[in-house]
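Inside the fold
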Amino acid sequence: MMMMFIYILFLTPYLLLGSWWFFVISLSITFFITFNTFWFSDYYSMLSYSFGGDILSMSMVFLTFWIIMLMMMASYTIYQKKDFPMEFMYVNMFLLAFLILSFTTTNFLLFFIFFEASLIPTLFLIFGWGYQPERLNAGYCFLFYTLVASMPLLLAILYIDNVGSTLFYFLIDLDINFYIYLALIMAFLIKMPMIFVHFWLPKAHVEAPISGSMILAGVLLKLGGYGLMRVLYFIYEFSVYYNFFFISLTLYGMVLVGILCMYQTDIKSLIAYSSVAHMGMVLCGLLTLDSWGYSGALMLMIGHGLCSSGLFCLANIIYEKTHSRSFYINKGLIIFMPSMSLFWFVLSANNMASPTSLNLVGEVMLINSIMSWSSLSLLFLGLSSFLACCYSIFLYSYTQHGSFYAGFVKFNFNNCREYLLVLLHILPLNALILKCDMFDFCI
């Protein structure tokens, strides 16, 4: 496991050469070497220096590698415009290192440290390469929402170490009370994010550059789900009594956010709010404490990470050509980008969990687990799934059909990099369904 981390440190001096594509190719080589040498199992393997990986950890690590590689491809205009490309590569590399350490550590305190450390490079991405002055407000919201909930988590971790004398996830055994329970899960609920503590997410997405939006949607939201999975292992007996409150709130929030998506005028804002709805279903599945919920949550986290990141890429491709994210201006694009319109259709369909995307299997398993918890949740699940179809169709039809805006003076056509970028989101998203039993680590 340390081999992967040392390889990333080995790249540090090579980035001084400023070779953009060397960094992209190095990330892809690392991904394929690690992917082909890891033993996919539901127990920790490759242990070294309290770092290791099971199927949950390594799925998140591979997703992180893939998304950061695609982030570099999507942000090629930074290199073209000489907008501090070397600094951008270093920020991404440190973000990659912190995320890998977060997902592979077996120590709860180390997880907390790396969990918080991943905020700093993301904040640099928003502040340094964001589009508008409002990015400062968005960055502060992103920072303080996470930090406020993280302070009780730190105190709970120190308490666990003092009482239980270990911070290894699977050896923690202590009496939990309501305050410890709340302190342990609130940081992860905000990170996912849960409805009513989600306000930082649309702000951060809209003001962040494409790289920031991709890593937020693709990986950082999944840190909340990953942390919740680890914590629920040792607060299982106590959480049975109080999880119903958060499940009920989230089910209501999924419908609310679905309706809210239909009112959006900004493309990135709609995709950001759809992330809140999808991660709400993941949260409900985890809090049911059901084996199908755990496996479905992992599948939907990976599927949503690829699908949402791909939609943000498509939104950025339009933004680079029209310099607007508004639905009112970006209409009739099928006339000028018919091939890209196919990608819009596939990813919009995948966003509503169509075959053959990984989202479909994940949502079916999650709906099973939530329905087994309470059959009354069918009303909210049905409404939220229907609204997911509505806003996905709205996103596709409004951007691709209608009258092309006559105010455009010039309009650049797509290049090979953009097609490859979107294709590398779609292929794994729709191919992983062939091997989705790999993620059934709880069954």
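Refer to the structure presented above.
Since the structure is predicted, the reported quantities are computational estimates derived from the model, not experimental observations.

1. Notes on the overall build of the chain
Looking only at helices and strands, one finds 20 helices and two strands in the chain. The C-alpha atoms of the chain give a radius of gyration of 21 Å, which matches the 22 Å a tight globule of 443 residues would have. When burial is assessed residue by residue, the chain has 62% of its 443 residues classed as buried. For the chain, the proportion of contacts with a sequence separation of at least 24, taken over those separated by at least 6, is 83%. Taken as a whole, the chain presents about 17,000 Å² of accessible surface, with 71% of it coming from carbon and sulfur. For the chain, the distance from the average site of its 14 positive side-chain charges to the average site of its 18 negative ones is 17 Å.

2. Considering unusual backbone geometry
With an omega dihedral of -5 degrees, the bond running from Met-192 to Pro-193 counts as a cis peptide bond. Phi is positive for Ser-165, close to 60 degrees, though the residue is something other than glycine. Along the chain, Ser-165 falls in the loop between α9 (135-164) and α10 (178-191). Looking at Ser-165, the relative accessible area reads 60%, which means it is exposed.

3. Brief notes about the packing of aromatic side chains
Under the criterion given, the structure shown has 44 aromatic pairs. Ring centres of Tyr-181 and Tyr-242 lie 6.0 Å apart, and the angle between their planes is 35 degrees; this geometry places the pair in the tilted category. Of the two residues, Tyr-181 sits in helix α10 while Tyr-242 sits in the loop between α13 (236-239) and α14 (243-261), which places them 61 residues apart along the sequence. Take Tyr-242: its relative accessible area is 33%, and that puts it in the partly exposed class.

4. Focus on the pattern of salt bridges
Under the definition given, this model contains five salt bridges. Across the pair Arg-325 and Asp-266 runs a salt bridge whose closest N-O atoms are separated by 3.3 Å. Here Arg-325 is found in the loop between α16 (291-322) and α17 (338-351), whereas its partner Asp-266 is found in the loop between α14 and α15 (267-287), with 59 residues between them in sequence. Taken as a pair, Arg-325 and Asp-266 share a single burial class, namely buried. Note that Glu-418 and Arg-417 form a salt bridge whose closest N and O atoms lie 3.9 Å from each other. This pair shows no difference in class: Glu-418 is buried, exactly as Arg-417 is. What you see here is one network of salt bridges that share partners, running through Lys-321, Arg-417 and Glu-418.

5. Quick notes on the packing of helix α11 (residues 200-207) against α15
It is the contact of α11 with α15, at a shortest axis distance of 9 Å, that shows an interaxial angle of 145 degrees. When you trace α11 past α15, the crossing you get is right-handed. Contacts from Leu-201, Pro-202, His-205 and Val-206 of α11 reach α15 at Lys-268, Ser-269, Ala-272, Tyr-273, Ser-275 and Val-276. Split by residue class, the contact of α11 with α15 holds six nonpolar, three polar and one charged.

6. What about the side chain of Ser-357?
Along the chain, Ser-357 falls in the loop between α17 and α18 (358-373). The buried category is assigned to Ser-357, whose relative accessible area is 0%. Polar side-chain contacts of Ser-357 include one of 2.8 Å to the backbone oxygen of Ser-354.

7. Description of the side chain of Arg-325
Assessed through its relative accessible area of 9%, Arg-325 is described here as buried. Look past the residues within four positions of Arg-325 in its chain and what remains in contact with it is Tyr-131, Gln-132, Val-206, Thr-265, Asp-266, Ile-267, Lys-268, Tyr-319 and Asn-330.

8. Notes on the nonpolar core
Counting 167 residues, the largest nonpolar core has Phe-108, Leu-184, Ile-215 and Leu-228 as the members making the most contacts within it. Broken down by element, this core gets its largest block of residues, 17 residues, from helix α4 (residues 55-74). If we skip the residues at most four places from it in the chain, Leu-184 touches Phe-108, Leu-153, Ala-156, Ile-160, Val-231, Phe-234 and Ile-235.

Calculation criteria
- Residues numbered from 1 in each chain as written.
- Predicted model: local features only at pLDDT ≥ 70, side-chain atom pairs only at ≥ 80, totals over all residues.
- Heavy atoms only, no water.
- Helix = DSSP H or I, 4+ residues; strand = E, 2+ residues; numbered from the N terminus.
- Rg over C-alpha atoms; globule rule 2.2 N^0.38 Å.
- Buried < 20%, exposed > 50% of the residue type's maximum accessible area, 1.4 Å probe, protein only.
- Contact = heavy atoms within 4.5 Å.
- Areas by Shrake-Rupley, 256 points an atom, 1.4 Å probe, with all protein chains shown as cover.
- Lys, Arg positive; Asp, Glu negative; His and termini not counted.
- Charge placed at Lys NZ, Arg CZ, Asp CG, Glu CD.
- Phe/Tyr/Trp six-rings, centres within 6.5 Å; stacked < 30°, edge-to-face > 60°.
- Salt bridge = Lys/Arg side-chain N within 4 Å of Asp/Glu carboxyl O.
- Axes fitted to C-alpha atoms, helices over the stretch in contact; angles between N-to-C directions.
- Left-handed = near helix turned anticlockwise from the far one by under 90°.
- Nonpolar A, V, L, I, M, F, W, Y, C, P; charged D, E, K, R; others polar.
- Polar contact = N/O pair within 3.5 Å; in protein donor to acceptor, adjacent residues only side chain to side chain.
- Core = buried A, V, L, I, M, F, W, Y, C linked by side-chain atoms within 4.5 Å.

Worth remembering: the numbers are spatial, not functional.
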